[in-house]
Each structure stands twice: as C-alpha cells, then as structure tokens.
Amino acid sequence: MSLPIINFGSCCIDHVYAVDHFVNPGETLPCTGYEVHPGGKGLNQSIALARAGAEVLHAGRIGQDGQWLKTLLDDEGVGTELLLIDDGPTGHANIQVSSAGENAIVLFGGANRNINREDIDRVLSQAAPGQLMLLQNEISELDYLVDKAIETGLRLVLNAAPMSDNIKRLPLEQFELLIINEIEGEALAGAAEPREILRNLRAKFPATRLLLTLGEAGAVYQHGDTQVTQEAASVEVKDSTGAGDTFTGYFLANYSRDDSIEHCLRKATLAAGISVTRKGAASSIPEAGELDNAG
Ligand code: RIB
C-alpha cells in the first residue's frame, strides 16, 4: 500500500478584486468585483492532489480565522491531522484579477510564516523513508525542513513558487522533481530561453526530474536524455490564479501512481486548462471526472 503524499505548505484566505487594469503607483482604483476564496499554494495543491485521486496529508499552520480552510480540506478528503492552529492570523493574499484574466498578488504570510522547527520535527517523526513530500515557497523554515526531510529519506518534490533567493540555496540536486515556470527557471538557470533553462538546470542537477511550464506554449519534462513535451490546452482565460497549483497537484497525483510522464502531463494540462476558465484558485480546480469531457 502506498503512503500518503505529505504536502507541507501554505494556507491563505484570498481577497480577490476584479479590476480593468492593475493599480498603478499613486492610483486609487475602484474594483468591479470582490470575492473571498480559499487559497495559498499549499492548500490549492493539496486540493488538486485530492481531486486527482491522491491520498494527501496537509501540514502547515492556520489561524483561528482560517478554521473554514481546515473544514474545506476535511471535506475534500485531505488529511488535516498535521495542520496546526496558530495564535496569529491566517495568511492572506490580496489578488487583483485583470479583465484579461491575469493576476497580481500581494501576500501576507501570517501563520504560514510561524511554522517552526518543532512543527517540522513533529511532522517528520510521522513520515517514513520513501514517502513523497511536496513543498512550495510560502512557509518559514523551508531550508531546515528540506535538510531534515532529506535526512529522513523522503522523496522531495518542489514547486519553486514564488521564487526568491532562499530557493537558490536549497540542495536542489537532492530533489526528485522540480516544477518551475519560465520566471522561476530563469532565476535558477541564469537563462531565459526554455531550451537553455533545461540544459543549464540539467547540468546543475543531473539526477533531478525537471518540469518546466510555459503557459500558452505548454510544458516540457526533462530527465537525463528523456524529454517529453506537452501542448497547452486551448481555452479562454477568465482567471489564471491557481493554474500552476492545479497543474502541480494533477501531475504529482498521477506521477505518484507511476503513470507515464505523457499521461501525467496530459492530465495536468487538461486540469489547468479547466481551472483558468473559472474564478478563484482552489475553487477553480476541477474534479478528475471533468477531465474526461475536456479532451
Ligand atoms: O498560486 C495561487 C496562490 O498564490 C493564491 O491562492 C494565493 O493565495 C497565493 O498564495
């Protein structure tokens, strides 16, 4: 029997503002709509994993004001026994969504940045060698967590988002799978062109499986001499928030079942393609059955 995937990541309350354009310096911009959605790259990816059929445990911290996020995870079948309640506020995101469906996000870490070494030791004491652990870059003590997870013998997967310098200091050569977009790839590889990104990262981290998402140009997987490309879905974008999280969760759920990379990429692309036609991050993630009708 396979062990659940542990996703140690953020939970956020997303305040989403519909705008004609992103606010400029010094401008006061009335929005044309306002909604509150569940979010945080960690929570979004846990929900995507669960909707894609994976067994997943979510580790992290929320505040009292985020109890509804725990209820949501419970309802989705995500294990929450490793999710702690913090004295401070839950993390939140202030998200502008433009009429073109693009987003601009200001993130307040809140409880996500109160994750401490004791929390990490407690979670890892319940993990077993060979178990998959998924990480993003929205929680505190990520470097300690990575070191301890390697010591524990976990199979590490990193979605290197949002990119910042601390990611560059992680021992990425020890990760099984690295999921990045072009911006994150450029920051890590020192090159902007997708082929160069992959070539440089392959040289730096030869054992790590690389998955580069390219928006409208699809995605490329590279491991050793194996390269698999996937075209993007052709859809009308309403809100791209959470598309990367949907892609990551769907890819990893299928990957964890040892499905072919072609299959994993196809499912992840279909799911992300559906998510951008809907509003919100976690709220936009499709159920696995919806992909059957999508192509
Ligand atoms: O990836 C989308 C997510 O990024 C949003 O849900 C927001 O909370 C930010 O963390």
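Residues numbered from 1 in each chain as written. Predicted model: local features only at pLDDT ≥ 70, side-chain atom pairs only at ≥ 80, totals over all residues. Heavy atoms only, no water.

Enquirer: Whenever I open this one, the pattern of salt bridges confuses me. Can you help?
Expert: Where side chains of opposite charge bring their charged atoms close, a pairing between them can arise. Following the criterion strictly, the structure yields 15 salt bridges and no others. Between Arg51 and Glu76 there is a salt bridge, with the nearest N and O atoms lying 2.5 Å from each other. Highlighted residues: Arg51 in helix α1 (residues 41-51) and Glu76 in the loop between α2 (67-75) and β5 (83-86), separated in sequence by 25 residues. As a salt-bridge pair, Arg61 and Asp119 come within 2.7 Å of each other at their nearest N and O atoms. With Arg61 in strand β4 (residues 56-63) and Asp119 in helix α3 (residues 117-125), this residue pair connects regions lying 58 residues apart in the sequence. The buried category is assigned to Asp119, whose relative accessible area is 3%. Because the salt bridges share partners, they merge into one network encompassing Arg51, Glu76 and Glu287. (Salt bridge = Lys/Arg side-chain N within 4 Å of Asp/Glu carboxyl O. Helix = DSSP H or I, 4+ residues; strand = E, 2+ residues; numbered from the N terminus. Buried < 20%, exposed > 50% of the residue type's maximum accessible area, 1.4 Å probe, protein only.)

Enquirer: Before we go on, may I ask you to explain the site of the ligand in this structure?
Expert: Within the structure, the ligand sits among 13 residues, and Asp14, Gly40, Lys41, Glu138 and Asp245 are positioned closest to it. Within the side chain of Asn44, a nitrogen or oxygen atom sits 3.1 Å from an oxygen atom of the ligand. Asp245 is positioned such that a nitrogen or oxygen atom in its side chain is 2.7 Å from an oxygen atom of the ligand. In isolation the ligand has 280 Å² of accessible area, and contact with the protein removes 95% of it. Of all the secondary-structure elements, those providing two or more residues to the shell around the ligand are β2 (12-18), α1 and β7 (103-108). By residue class, the composition of the shell around the ligand is five nonpolar, four polar and four charged. (Near = heavy atom within 4 Å. Polar contact = N/O pair within 3.5 Å; in protein donor to acceptor, adjacent residues only side chain to side chain. Areas by Shrake-Rupley, 256 points an atom, 1.4 Å probe, with all protein chains shown as cover. Nonpolar A, V, L, I, M, F, W, Y, C, P; charged D, E, K, R; others polar.)

Enquirer: Mind showing me how you'd approach the side chain of Gln45 here?
Expert: Its location among the elements puts Gln45 in helix α1. Judged by relative accessible area, Gln45 falls into the buried class, the value being 0%. A distance of 2.9 Å separates polar atoms of two side chains, one belonging to Gln45 and the other to Gln136. The contact partners of Gln45, leaving out residues within four places of it in the chain, are Asn7, Leu134, Gln136, Asn159, Asp245, Thr248 and Gly249. (Contact = heavy atoms within 4.5 Å.)

Enquirer: In this structure, what is going on with the packing of aromatic side chains? I would like to understand it.
Expert: Both the distance between ring centres and the angle between the ring planes are used here to describe each pair of aromatic rings. Under the counting rule described, the total for this entry stands at two aromatic pairs. Look at Phe251 and Tyr255: their rings are 5.9 Å apart centre to centre, the planes differ by 25°, and that puts the pair in the stacked class. Here Phe251 and its partner Tyr255 are both found in helix α8 (residues 243-256), four residues apart, which amounts to about one turn of the helix. Tyr255 carries the same exposure label as Phe251, and that label is buried. (Phe/Tyr/Trp six-rings, centres within 6.5 Å; stacked < 30°, edge-to-face > 60°.)

Enquirer: How should the packing of α1 against α8 be read in this particular structure?
Expert: Axes are the key here: two packed helices are described by the angle between their axes and the distance separating the axes. One can describe the packing of α1 onto α8 by two numbers: an axis separation of 7 Å at closest approach and a directional angle of 45°. Viewed along their axes, α1 and α8 adopt a mutual orientation that is oblique. As for how α1 packs across α8, the hand of that crossing is right-handed. Facing α1, whose interface residues are Lys41, Asn44, Gln45, Ala48, Leu49 and Arg51, α8 presents Asp245, Thr246, Thr248, Gly249, Tyr250, Leu252 and Ala253. Here the contact of α1 with α8 is built from residues that sort into five nonpolar, five polar and three charged. (Axes fitted to C-alpha atoms, helices over the stretch in contact; angles between N-to-C directions. Parallel < 35°, antiparallel > 145°, perpendicular 65-115°, else oblique. Left-handed = near helix turned anticlockwise from the far one by under 90°.)

Enquirer: What is the right way to read the sheet that holds β7 from this model?
Expert: Across a sheet, paired strands are connected by hydrogen bonds in the backbone, their directions being either parallel or antiparallel. The sheet built from four strands is open, its strands ordered β3-β2-β6-β7 with mixed pairing. The open sheet has two free edges, formed respectively by β3 (33-39) and β7, since each of these has just one partner strand. Taking each pair of neighbouring strands and ignoring which way they run, the sheet shows an average axis angle of 20°. Note: β2 against β3, seven bridges, orientation antiparallel. Looking across to β3, one finds that Ile13 is bridged to Pro38. Relative to β3, α2 is tilted by about 60°, and along the sheet it contacts β2 and β3. (Pairing = 2+ DSSP bridges.)

Enquirer: How should the nonpolar core be read in this particular structure?
Expert: It is characteristic of soluble globular proteins that their nonpolar side chains tend to be buried jointly. If you look at the biggest cluster of nonpolar residues, it comprises 42 residues, and the most contacted ones within it are Leu49, Leu211, Tyr250, Phe251, Leu252 and Leu265. Secondary structure elements with two or more residues in this core: α1, β4, α2, β8 (132-135), β10 (177-181), β12 (219-223), α8 and α9 (261-275). The residues contacting Leu252, other than those within four sequence positions of it, are Ile5, Leu49, Leu132, Leu134, Val157 and Leu177. Among the nonpolar cores identified, the runner-up in size contains 38 residues, and Phe8, Val123, Ile180 and Ala189 belong to it. (Core = buried A, V, L, I, M, F, W, Y, C linked by side-chain atoms within 4.5 Å.)

Enquirer: Can you help me understand helix α7 (residues 194-204) in this one?
Expert: Quick reminder: α-helices carry 3.6 residues per turn. Residues three or four places apart thus point the same way. Turning to α7, its buried residues number three or more, namely Ile197, Leu198 and Leu201. The arc that holds the buried residues of α7, viewed along the axis, is 90°, so those residues lie on one side. For α7, the exposed residues set more than 90 degrees away from the buried face come down to Arg195, Arg199 and Ala203. (Arc of directions from axis to C-beta.)

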